[in-house]
Amino acid sequence: MMAIPDFQTAMLPVLKCLAGKDVVSSAQIVEQLSDAFALTPEQRAELLPSGKQPIFKNRVGWAILHLKKAGLISSPKRAHVQITELGQSVLAQMPESINLRYLNQFESYREFRSIKASDKEPLEDILAPNSAGTPDEQLQQAYQSLNCSLAAELLDNVKQLSSQAFEQLVVDLMIGMGYGGARKEAGQATKLTGDDGIDGIINEDKLGLDAIYLQAKRWENTVHRPEIDKFIGSLTRQGAKKGVFITTSDFSQGALASVRGLNLSVVLVDGQKLAELMIEHNVGVSVKEIYQVKALDSDYFEGFLA
């Protein structure tokens, strides 16, 4: 099965798709190229890491942007494009491919690439000619890479905590996720006694209509089924309906299987998931930088044309 083409690979097919036609919508281009590249339904539906846009649609969009900046296509109206005379002449030369390096021969494109993204960083350094991913993908991949490194660093620090401190961290995380209400109420509802294999009890909501029983294991070794069975037994004796078992290590397949098909709800959280939840809910981390990625507000400009 062919991989989803990168945005530079899509450039020449986009131009060919417009040859001999008047105005074509971006949606039509995406559909035609999806067929031309024989993308599977799964590939057509595959989303960016943000989950907000299909990968291939995003790549075609960036291919269209670069072709426009080079003057090979124009956009007579929103989300519609057409090939220009320059674009027609390029097709007449029958190039084997069109990429960022190829587009650099056009003055309008060189001007676009020379725009400063900051006082220190020219746009051409960000849009590297050999890069397969779109800027959206590169940004999200960098974000994921940073979070991955942070998760590993977080977990290393968590493993150095005392058992009692780790149990408190678990409570802090539950509060950060919205359980237990305010810290004062959650503190009153929490018992870090270790009685009957239960490390903590926290209200599921501010009114205390239901309780979640916690087990926190700061372990290096894999958690196996017997430990989970003990926890389930403790929940049963307590008459509990919901439990969360959190560890700094991981769970065996047997442990994961042991919580399926129960009459009560038991969630297992391993070290990787713990770190991800801490990042998501700002427990043990702080915001270093905030970047706002902005997009054109087409509705604003359409207001002037109404």
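You'll find the structure just up there.
So, here is what we can say about the structure in this document. This one's a predicted model, so the numbers in the text were calculated from it and none came from an experiment. In this numbering scheme, every chain counts its residues from 1 along its sequence in written order. Owing to the predicted nature of the model, reporting of local features is limited to residues with pLDDT of at least 70; listing and counting of side-chain atom pairs is limited to 80 or more, with chain, interface and lining totals taken over all residues. Each side-chain value is derived from all of the structure's non-hydrogen atoms; neither hydrogens nor water enter the calculation.

## Describing the overall build of the protein
Now for step 1: Summing up its helical and strand segments, the protein has 15 helices and 7 strands in all.
Now for step 2: In the protein, which comprises 306 residues, the proportion classed as buried is 39%.
Now for step 3: Note on definitions: a residue-residue contact is assigned when non-hydrogen atoms from the two residues lie within 4.5 Å. Within the protein, residue pairs in contact and separated by at least 24 positions form 61% of the contacts whose partners lie at least 6 positions apart.
Now for step 4: Surface accessibility in these figures is a Shrake-Rupley result with a 1.4 Å probe; residues are shielded only by whichever protein chains are displayed. Carbon and sulfur atoms provide 51% of the accessible area of the protein, an area that totals close to 17900 Å². Secondary structure elements are defined from DSSP: runs of H or I of at least 4 residues count as helices, runs of E of at least 2 residues count as strands, and each element is numbered from the N terminus. Throughout, exposure labels follow a simple rule: accessible area from a 1.4 Å probe, protein chains only, divided by the maximum for the residue type, with under 20% read as buried, over 50% as exposed, and the rest as partly exposed.

## Quick notes on the pairing of strand β3 (residues 80-83)
Now for step 1: Side chains Val81 and Ile83 project from β3 onto a buried face, and the interleaved His80 and Gln82 project onto a face without burial.
Now for step 2: When strand β1 (residues 24-25) meets β3, the two strands line up antiparallel, connected through 2 bridges. Looking at β3, one finds that Val24 is bridged to Val81.
Now for step 3: Pairing between strands requires that DSSP locate at least two bridges from one strand to the other. Taken together, strand β2 (residues 73-77) and the strand that follows it, β3, pair antiparallel across an intervening segment of 2 residues, in which Ala79 is found at a positive phi of about 60°.

## Considering the packing of helix α10 (residues 163-176) against helix α14 (residues 271-280)
Now for step 1: Two numbers describe how α10 lies on α14: the axes approach to 10 Å, and their chain directions differ by 50°. In terms of orientation, α10 and α14 fall into the oblique class. Classified by chirality, the crossing of α14 by α10 is left-handed. Contacts between α10 and α14 involve Phe166, Leu169 and Leu173 on the former and, on the latter, Leu274, Leu277 and Met278.
Now for step 2: Side-chain classes are defined by residue name, with Ala, Val, Leu, Ile, Met, Phe, Trp, Tyr, Cys and Pro counting as nonpolar, Asp, Glu, Lys and Arg as charged, and the others, Gly among them, as polar. Considering only residue class, the contact of α10 with α14 consists of 6 nonpolar, no polar and no charged. Here an angle of 0 to 180 degrees is reported between the N-to-C directions of two axes, which are lines fitted to C-alpha atoms, with helices fitted over the stretch in contact. These descriptions rest on fixed angle ranges, namely under 35 degrees for roughly parallel, over 145 for roughly antiparallel, 65 to 115 for roughly perpendicular, and the rest for oblique. It is the rotation of the near helix from the far one that decides the hand of a crossing: anticlockwise by less than a right angle makes it left-handed, clockwise makes it right-handed.

## Here we look at the packing of helix α1 (residues 11-18) against helix α5 (residues 85-92)
Now for step 1: Packing of α1 against α5 brings their axes to within 10 Å, and their N-to-C directions diverge by 110°. Between α1 and α5, the angle falls in the class roughly perpendicular. In the packing of α1 onto α5, the handedness of the crossing is left-handed. Of the residues in α5, those in contact with Leu12, Leu15 and Lys16 of α1 are Gly87, Val90 and Leu91.
Now for step 2: By residue class, the composition of the contact of α1 with α5 is 4 nonpolar, 1 polar and 1 charged.

## Quick look at the environment of Asn58
Now for step 1: Mapped onto the fold, Asn58 is located in helix α4 (residues 55-69).
Now for step 2: Taking the C-alpha atoms as reference points, Asn58 and Glu137, 79 residues apart in sequence, are found 8.8 Å from one another.
Now for step 3: If near-sequence neighbours (up to four positions away) are discounted, Asn58 is found in contact with Leu48, Gln53, Thr134, Asp136 and Glu137.
Now for step 4: Of the polar contacts made by the side chain of Asn58, one reaches the side chain of Thr134; its length is 2.7 Å. As used in this structure description, the phrase polar contact means that two N or O atoms lie within 3.5 Å; if the pair is within protein, one of them must be able to donate a hydrogen and the other to accept it, and residues adjacent in sequence are counted only when both atoms belong to side chains.

## Brief notes about the sheet that holds β3
In sheet architecture, strand pairing relies on hydrogen bonds along the backbone and comes in two forms, parallel and antiparallel.
Now for step 1: The 3 strands are arranged β1-β3-β2 in an open sheet whose pairing can be described as antiparallel. The strands lining the two open edges of the sheet, one partner per strand, are β1 and β2.
Now for step 2: The pairing of β2 with β3 spans 3 bridges and is antiparallel. By the bridge assignment, Ile73 is partnered in β3 with Ile83.

## Observations regarding unusual backbone geometry
Now for step 1: At Ala79, a residue that is not glycine, the phi angle is positive and equals roughly 60°.
Now for step 2: Relative to the elements of secondary structure, Ala79 occurs in the loop between β2 and β3.
Now for step 3: A residue is classified by how much of its surface remains accessible, and Ala79, at 43% relative accessible area, is partly exposed.
Now for step 4: Of note, Met94 is a non-glycine position whose phi angle comes to about 50°, a positive value.
Now for step 5: Residue classification places Met94 among the exposed residues on the basis of a relative accessible area of 70%.

## Side note on the sheet that holds strand β5 (residues 211-217)
Now for step 1: One open sheet holds the 4 strands; their spatial order is β4-β5-β6-β7, and the pairing between them is mixed. The sheet is open, and its two borders are formed by β4 (200-203) and β7 (265-269), each paired with just one other strand. Going across the sheet, the axis of each strand differs from the next one's by a mean of 25°, ignoring polarity.
Now for step 2: Against the sheet, helix α12 (residues 225-238) contacts β5, β6 (242-247) and β7, and its axis sits at roughly 150° relative to β6.
Now for step 3: Sitting on the sheet, α14 is in contact with β6 and β7, with an inclination near 90° to β7.

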